[in-house]
Amino acid sequence: EPRMDGLGRAVSRAQWSYRRGVVADGARAEASPGLVASPSAAFLLVDTLSNTASHVGRGDLSSALGVVRAANSLPFNDGLAYFEVTFTQLHQARRISVGFLQSSTQTLSHVGHTRGSCGLAGNSGWLYNGSELGSPFAQCTEAMDVVGVGLLRETEEILFTLNGVLLGTLKISFEGEHVPAVAMEDSGTAVSFNFGDVPFVFAVDDFLIQHRANYASLSPRTNVEFTIVRKVLMDYLLRMGYKNTLEKLGVEMGEGTLWTTLSFRAEVRELLMDGKIEQAQEVLRSHARYALEDELVQNALHKQMFIELIRQQRVEEAVCYAREHFPRPSAPEELETDVIALLAYDDPSTSPVQHHLSLQRRSGVADTVNRAILGEKGETDAGALEIVVKQLVVIHTASSHLPGAKKQRA
């Protein structure tokens, strides 16, 4: 008896091989990861046996946002973690999104709107990658459409499919574990997850063969003189103020503004990474007073000071600091994503705005201050590495418009 995929089409045993990681003797691979709903989403009915979920409304409200996610991350089979979702029922508003979330994220937003997530919106076909600012990616979805999402480990990309057709791939960050997720906003919406219990609509095996061939073909083109790579790396470390790293690499002191300002730029970066905002401001007053007066720098330092007060549980001081240094938001929506939202949670470290407490944010503030210092000293912050990246983007964009480029990529 032939096996059937999500669209009811018969598939061969060869096509079925990836789906559950079947080996030569036909043994089953990992069990389904299971489903869970967001804690506050009692209006979502989840059946863990059939891997289905439906939105039944909340009281008198027909619209309420809830998230259904896999209880565990998917295994990588041949370097790909892939699943599909069938929209078995779809409200006319089509306010639904599907993709991956970081397993540590507790969100009440659509998939892709928060840091560490990436998702496709059903009502617009737009793609959202860790931000509420999306971009056009596909057509709007309809009832019974099958959307597939996969993570490619080697190239650190996410891919999306629609009814068995590849929509495209996108480079993303692979920090932490990611789990499949669907966000639904309207009652009457229902979905069915396929983690490989039945054959996928998308021809995964054929895709993996082509993907591995493309990935391997890039290797011969990446041979670059080591001395050039080292020079670009040293320029980046020097320009960004990573003094300790340069010393560990045995780089000797040189001449010019980048070298003469290195010590205090490194000191400022180290203080900011330790959350010592006031001490960093004192160093700036002594060595780069005009950089401290830069509006972007002031805004970044004020917000980071507020964050550090929250981190130290000095909430009253943080409130007073915000009143003195923060402008009033131009719209109420800004309060939901700005650092001031940290005040709304007893434990901000586990809240939807926990990213404000991350080391990555401290690093971003340090980069902003470093750029301002270089600007004051008459140096551009665009180093060799950034110039190379920009050139590669220009070349890639130009080559994609050459005659026959589309045929070569197909």
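(A) Region of interest: the environment of L90. Mapped onto the elements, L90 comes out in the loop between strand 7 (80-89) and strand 8 (96-102). What makes L90 buried here is its relative accessible area of 18%. Taking C-alpha positions, L90 is 9.0 Å from T141, a pair spaced 51 residues apart along the chain. Residues in contact with L90, not counting those within four places in the same chain, are I96, T141, E142, A143, G188 and T189.

(B) Spatial organisation of the side chain of R269. Considering the arrangement of structural elements, one finds R269 in helix 6 (residues 262-273). R269 gets classed as buried once you look at its relative accessible area, which sits at 6%. Those residues in contact with R269 that lie beyond four places of it in its chain are M240, G241, Y242, S363, A366, D367 and N370.

(C) Examining the confidence of the model for the protein more closely. Here the protein shows a mean pLDDT of 80. Residues at 70 or above account for 78%. Within the model, the stretch residues 12-30 combines pLDDT values under 50 with 47 contacts to residues more than four positions away or in other chains. Segment residues 406-410 is flagged for pLDDT under 50; beyond a separation of four residues in sequence, or across chains, it makes 1 contact in the model.

(D) Geometry of the nonpolar core. Counting residues in each nonpolar core, the largest one holds 37 residues, and the members touching the most others are F83, V191 and F193. Within the residue set of this core, elements represented by two or more residues are strand 6 (63-70), strand 7, strand 8, strand 9 (118-121), strand 12 (146-152), strand 13 (157-162), strand 15 (178-186) and strand 16 (190-194). In terms of residue count, the dominant contributor to this core is strand 15 (5 residues). Formed by 33 residues, the second largest nonpolar core is a distinct cluster that contains L271, A300, I307 and L309.

Reading the values: rules and limits
Residues numbered from 1 in each chain as written. Predicted model: local features only at pLDDT ≥ 70, side-chain atom pairs only at ≥ 80, totals over all residues. Heavy atoms only, no water. Helix = DSSP H or I, 4+ residues; strand = E, 2+ residues; numbered from the N terminus. Buried < 20%, exposed > 50% of the residue type's maximum accessible area, 1.4 Å probe, protein only. Contact = heavy atoms within 4.5 Å. pLDDT = per-residue confidence, 0-100. Core = buried A, V, L, I, M, F, W, Y, C linked by side-chain atoms within 4.5 Å.

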